[in-house]
Amino acid sequence: MNLIQSVNALVVIFILHVVEALYFTAIYWVAHQWLELGEFTSGFRDIFRDYFYFSLVSMTTLGLSEFNPVGHLKVITALQSLLGFMMLTWSATFYFKALSKNN
């Protein structure tokens, strides 16, 4: 894999992870606004930025936030953390194997 292919692979992987975070951003919004499956603690504002930020920190299993989910939103958060861990690990493994295969 040459440098251009390597950079392209990283960009594609990055975009896929952002799309995954956006899916969960929508899931949190629907679960919070339409289905009323739970709330967030104080500090949360009902805007895209807070949903997206929470989705990103949950996906990376970092969990660092001023606010936390309450109610059934906790289950969605746990599932996203598990899926995020699996996808990030798979991406790193895939990239490492692709990079080392041609060297």
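A brief structural summary. (Residues numbered from 1 in each chain as written. Predicted model: local features only at pLDDT ≥ 70, side-chain atom pairs only at ≥ 80, totals over all residues. Heavy atoms only, no water.)

1. Topic: the side chain of Ser6
Within the secondary structure layout, Ser6 lies in helix α1 (residues 3-34). Classification of Ser6 as buried rests on a relative accessible area of 9%. Setting aside residues up to four positions removed in sequence, Ser6 forms contacts with Met1, Tyr95 and Leu99. (Helix = DSSP H or I, 4+ residues; strand = E, 2+ residues; numbered from the N terminus. Buried < 20%, exposed > 50% of the residue type's maximum accessible area, 1.4 Å probe, protein only. Contact = heavy atoms within 4.5 Å.)

2. What to know about the nonpolar core
Counting 10 residues, the largest nonpolar core consists of Phe24, Tyr28, Ala31, Phe40, Phe44, Tyr51, Phe54, Phe67, Leu73 and Ile76. Those elements that provide at least two residues to this core are α1, α2 (48-59) and α3 (73-101). The biggest single contributor to this core is α1, with 3 residues. (Core = buried A, V, L, I, M, F, W, Y, C linked by side-chain atoms within 4.5 Å.)

3. Points about unusual backbone geometry
The backbone of Glu36 sits at a positive phi, close to 50°, despite the residue not being glycine. Along the chain, Glu36 falls in the loop between α1 and β1 (38-40). At Thr61, a residue that is not glycine, the phi angle is positive and equals roughly 60°. Along the chain, the position of Thr61 falls in the loop between α2 and β2 (69-71). Here Thr61 falls in the partly exposed class, since its relative accessible area comes to 44%.

4. Focus on the packing of aromatic side chains
This structure, assessed with the given rule, holds 13 aromatic pairs. Seen from their ring centres, Tyr53 and Phe67 are 6.5 Å apart, and the 70° between their planes marks the pair as edge-to-face. A residue pair is termed long-range when its members are at least 10 positions apart, and Tyr53 in helix α2 and Phe67 in the loop between α2 and β2 qualify at 14 residues. Here Phe67 falls in the buried class, since its relative accessible area comes to 3%. Linked through ring pairs, Phe24, Tyr28, Phe40, Phe44, Tyr51, Tyr53, Phe54 and Phe67 together constitute an aromatic cluster. (Phe/Tyr/Trp six-rings, centres within 6.5 Å; stacked < 30°, edge-to-face > 60°.)

5. Describing α2
Taking 1.5 Å per residue, 12 residues should reach 16 Å; α2 reaches 16 Å between its end C-alpha atoms and fits that length. Each element contacted by the buried residues of α2 is listed here: α1, β1, β2 and α3. (Expected span 1.5 Å × (residues − 1).)

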